[in-house]
Every structure is written in structure tokens, then in C-alpha cells.
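Chains, contacts and geometry: an overview
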Number of protein chains: 2
Amino acid sequence: MSDFKNLDPLLHSQLRLAVMSLLVSVQSAEFVFIKEKTGATAGNLSVQIDKLNNAGYIEVTKSFKGKKPVTTCNISKKGIEAFESYVNTLQSYIKK
Amino acid sequence: MSDFKNLDPLLHSQLRLAVMSLLVSVQSAEFVFIKEKTGATAGNLSVQIDKLNNAGYIEVTKSFKGKKPVTTCNISKKGIEAFESYVNTLQSYIKK
DNA sequence: TAAAGTAGTTTACAATATAAACTATAATTT
DNA sequence: AAATTATAGTTTATATTGTAAACTACTTTA
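What comes next is a walk through the structure.

What about the protein's contact with DNA strand D?
Taken together, 20 residues lie around DNA strand D, and Ser46(A), Lys62(A), Thr71(A), Arg16(B) and Gln48(B) are the ones closest in. Of everything in DNA strand D that lies within 4 Å of the protein, sugar and phosphate atoms constitute 65%. For DNA strand D, a phosphate oxygen lies 2.6 Å from a polar atom in the side chain of Ser46(A). Residue Lys51(B) places a side-chain N or O atom 3.4 Å away from a phosphate oxygen belonging to DNA strand D. Looking at the surface near DNA strand D, the elements that each hand over two or more residues are α2 (31-38), α3 (42-54) and β3 (68-75) of chain A together with α3 (42-54) of chain B.

Quick word on the sheet that holds strand β3 (residues 68-75) of chain B
Residues and elements named next belong to chain B. One open sheet accounts for 3 strands, arranged β1-β3-β2; its pairing is antiparallel. Only two strands of the sheet have a single partner each, and these edge strands are β1 (28-30) and β2 (58-65). Each adjacent strand pair in this sheet contributes to an overall mean axis angle of 25°, direction not counted. Sheet topology places β1 next to β3; 3 bridges connect them, and they run antiparallel. Within β3, the position partnered with Glu30 by the bridge is Thr72. With respect to the sheet, helix α2 (residues 31-38) is in contact with β1 and β3, its orientation differing from that of β1 by roughly 90°. Running over the sheet, α3 touches β2 and β3 and is turned about 125° from β2.

Conventions and cut-offs
- Residues numbered from 1 in each chain as written.
- Chains lettered and ligands numbered in written order.
- Predicted model: local features only at pLDDT ≥ 70, side-chain atom pairs only at ≥ 80, totals over all residues.
- Heavy atoms only, no water.
- Near = heavy atom within 4 Å.
- Polar contact = N/O pair within 3.5 Å; in protein donor to acceptor, adjacent residues only side chain to side chain.
- Helix = DSSP H or I, 4+ residues; strand = E, 2+ residues; numbered from the N terminus.
- Pairing = 2+ DSSP bridges.
- Axes fitted to C-alpha atoms, helices over the stretch in contact; angles between N-to-C directions.
- Contact = heavy atoms within 4.5 Å.

Listed below in C-alpha cells is the structure:
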């Protein structure tokens, strides 16, 4: 790509982008909350959260709220930076 | 997706987005020019141009420059509208 | 006339996204 | 108390997509 910088493929996915954009503003959110906000299915969300986690863009902690399992996602510094960089690259595409 | 509107999958692809963003500014461009600007391989570009064409986002005309075949792509009204709509949706993601 | 270049297209494969099916536990209902 | 429904996810199977490699067809050059 000469004129067009590569878009981070991890962020260039509708659901992962939605998750990250949510986490950028709230920093921390629970699985169920993210699921509702994004409208994703649990399976799809689970997979995509895994990928973001493996990339170090978010940190995932599992605990219990009463007797129910709760998965909490926190955006990492690396995640914030990646998101900002992605947004900048994207802007360069759409305002050519 | 409750909070997040769907991103047109035809535009949410790095190469097709690059092609469309190029065509939005220049209106009309030749295959080889697009190939150079985007850094895509000919095969990949050919496939993606086909998809944009089938969607009615661009019009493709084939002619000759001297004895060499030339494929020219023109963005359509529908394409411009789709691009603008995509950009708006995207903006709503990244400035939440 | 053989080799290399140009302009693409087709096809085969790898990667991705997604839903469906599943696990595990808890709370209700009958 | 057994069966049913609900909650919170995970795993897996499939369909879709993206991409490069291989190919076609023609032209130019050595």
C-alpha cells in the first residue's frame, strides 16, 4: 500500500471496533453490558474478546457477582494507543 | 447492533475502502493507477473492483490505449452516497 | 522467434466472522 | 425433588471473505 497505510486488522472488524470504542469511553465494562450495547451474540463476542485479549488490547478478569460469573474487560494502554492509531489511519483514508 | 449501526460490509474492507476513497476524490481512474496508489496486487484489485461494480458503486469500462487494454473505473452516485453513509457511521463509532 | 513485459482474470487456499450447539451453574416451577 | 427455564459464558462448525499465485492474452524487445 503506497498511499494507504495498513489498517490494524484486529481493529478493522465491526464488532471488535465497537467493543474497543465502547471501552475507550468507559474504560471498563462487563461482558453482558458489552453484549447489550453492541447487540452481538454471546458466542461472537466471546471470540472477539479473546482476540482483543490475546493482542493485549484489553485485560479480562473473571469473578463472581453473587453466584453469577462475571467477565470484566478493561482497556489497556496498548489498546488505547492502537485504537487511536487506527482512527488516525482511518481518517487519512476518508478525507483524501 | 443496538448502539452501533451496521457498517456496509462492502466498504468495510481495506482495499475496497482505499479504492472508493480514491475515486471519491478523482471520480475516474484507471486500473493501473489505482493499483499503484493502493499498492494492491492486480488479482486482488480485480476481484475487489468486480465487487464494487456488482454493487453498483462504480462503473467499469474497458477500452484500449493504443494496443493496451485499459480498465477505467468511475464512481457512481450510489457509490458516493454509500461512501458518505459509511463514513458517517464510522464516525459515530470512533467518537463515542 | 524466444523471452520479457503489460494488463488484467480466474482459482485455490488461508483467514475471519458468525451462529449454533454446548457446558456449567442457579433459580423457578410443578 | 425432579424437571424447566434462565444466566453467563465457551467451543466448534460453517459460511464468507480476502488474498496471492497461477493463468490468459496480447505486445514489445532482444
